[in-house]
Amino acid sequence: MKIAILLTALLSFNASANEHLAFTQQSQSAIKEFATSLKAELITAMKAGGPIEAITVCNQVAPKIAENLSQKYNMKIGRTSLKVRNNKNKADKWESEILTQFEYLKQSGDSINSLAFSEAISTDEGIEMRMMKAIPTGQVCLTCHGSNIAANVQARIHTLYPDDQATGFSVGDIRGAFTIHQAAQ
Ligand code: HEC
């Protein structure tokens, strides 16, 4: 009897380990797709109409891409940061802890591109899966997230986001992270 119970436990552990692996792989694909399409949209808009035009991309297109990919992959996909522009992107407790850990690892010499974390969390409802991948700050990001933002750009950002905290970043900082959540089912 004891053996049977142990075996069941092991089997369910393996099943969740496999599910976790599948979730992590799927999340990596979703993040890659999100990052690629966002960057393409941002660069096209910057070239076509400058930063004011590109703010619209970040304001409207970014949430739409996240929404479409969330449906496609059947997971909640978004972006977050310790200093957010949009309060809707504010980190929850789990995300804040991981972002703080990413900062620590970066200080210890890890490259931002290597910072990713995935976890299968056991809950009363089942196994909840989460993943985050750090986003580095590049030169182009400074136009809207740096320390010397042009007055007209700053004004537009302030109108849309009066509580904006996402400025003052430098190249090589962690700007935030992609975050993926699959509720227990
Ligand atoms: C043209 C202005 C502009 C540029 C350039 C820009 N962003 Fe943003 N960024 C925004 C706006 C506006 C938002 C708020 C989007 C929203 O409402 O969800 C935002 C939000 C974010 C967020 C989500 C967290 C938050 O603060 O709400 C991350 C992460 C982010 N940007 C990273 C970057 C990175 C990395 C780059 C450079 C590759 C970049 N941004 C370039 C305007 C910009």
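Attention here is on the structure that accompanies the text. (Residues numbered from 1 in each chain as written. Predicted model: local features only at pLDDT ≥ 70, side-chain atom pairs only at ≥ 80, totals over all residues. Heavy atoms only, no water.)

## Things to note about the sheet that holds strand β1 (residues 76–80)
Strand pairing in a sheet takes place through backbone hydrogen bonds and is either antiparallel or parallel in direction.
Link 1 in the chain: Pairing is antiparallel in the open sheet, where 4 strands are placed in the order β1-β4-β3-β2. Strands at the two margins of the open sheet, each flanked by one partner only, are β1 and β2 (116–123). Adjacent strand axes in the sheet meet at a mean angle of 20° when their direction is disregarded.
Link 2 in the chain: Taken together, the 8 bridges between strand β3 (residues 126–136) and strand β4 (residues 174–182) define a ladder with antiparallel strand orientation. Note on β4: the bridge partner recorded for proline 136 is isoleucine 174.
Link 3 in the chain: With respect to the sheet, helix α2 (residues 93–107) is in contact with β1, β2, β3 and β4, its orientation differing from that of β3 by roughly 40°. (Pairing = 2+ DSSP bridges. Helix = DSSP H or I, 4+ residues; strand = E, 2+ residues; numbered from the N terminus. Axes fitted to C-alpha atoms, helices over the stretch in contact; angles between N-to-C directions. Contact = heavy atoms within 4.5 Å.)

## Side note on the packing of aromatic side chains
Link 1 in the chain: Applying the stated criterion to the full structure yields 2 aromatic pairs.
Link 2 in the chain: Taking 5.3 Å as the distance between ring centres and 55° as the angle between the ring planes, the aromatic pair formed by phenylalanine 34 and phenylalanine 178 counts as tilted. Separated by 144 residues along the polypeptide, phenylalanine 34 in helix α1 (residues 2–73) and phenylalanine 178 in strand β4 bring together distant segments of the chain. Each of the two residues, phenylalanine 34 as well as phenylalanine 178, counts as buried.
Link 3 in the chain: Centroid distance tryptophan 94 to phenylalanine 117: 6.1 Å. Interplanar angle 35°. Geometry classified as tilted. Residue tryptophan 94 is located in helix α2, and its partner phenylalanine 117 is located in strand β2; the two are separated by 23 residues in the primary sequence.
Link 4 in the chain: Accessibility expressed as a relative area gives 34% for phenylalanine 117, which makes it partly exposed.
Link 5 in the chain: Over the aromatic face of phenylalanine 169 sits the side chain of lysine 83, whose NZ or CZ is 4.7 Å from the ring centroid. (Phe/Tyr/Trp six-rings, centres within 6.5 Å; stacked < 30°, edge-to-face > 60°. Buried < 20%, exposed > 50% of the residue type's maximum accessible area, 1.4 Å probe, protein only. Lys NZ or Arg CZ within 6 Å of the ring centre and 35° of its normal.)

## Notes on the pairing of β3
Link 1 in the chain: Alignment of β2 against β3, held across 8 bridges, turns out to be antiparallel. Looking across to β3, one finds that alanine 116 is bridged to lysine 133.
Link 2 in the chain: Two successive antiparallel strands, β2 and β3, enclose a turn made up of 2 residues.

## A closer look at the site of the ligand
Link 1 in the chain: Taken together, 20 residues are adjacent to the ligand, and Cys141, Cys144, His145, Tyr161 and Arg175 come closest.
Link 2 in the chain: Within the backbone of arginine 85, one N or O atom sits 2.7 Å away from an oxygen atom of the ligand.
Link 3 in the chain: Separating an oxygen atom of the ligand from a side-chain N or O atom of asparagine 86 is a distance of 2.8 Å.
Link 4 in the chain: Among the elements of the structure, α1, β3 and α3 (142–145) are those that each provide at least two residues to the shell around the ligand.
Link 5 in the chain: With 5 residues, α1 is the largest single contributor of residues to the shell around the ligand.
Link 6 in the chain: Looking at the shell around the ligand, its residues break down into 13 nonpolar, 3 polar and 4 charged. (Near = heavy atom within 4 Å. Polar contact = N/O pair within 3.5 Å; in protein donor to acceptor, adjacent residues only side chain to side chain. Nonpolar A, V, L, I, M, F, W, Y, C, P; charged D, E, K, R; others polar.)

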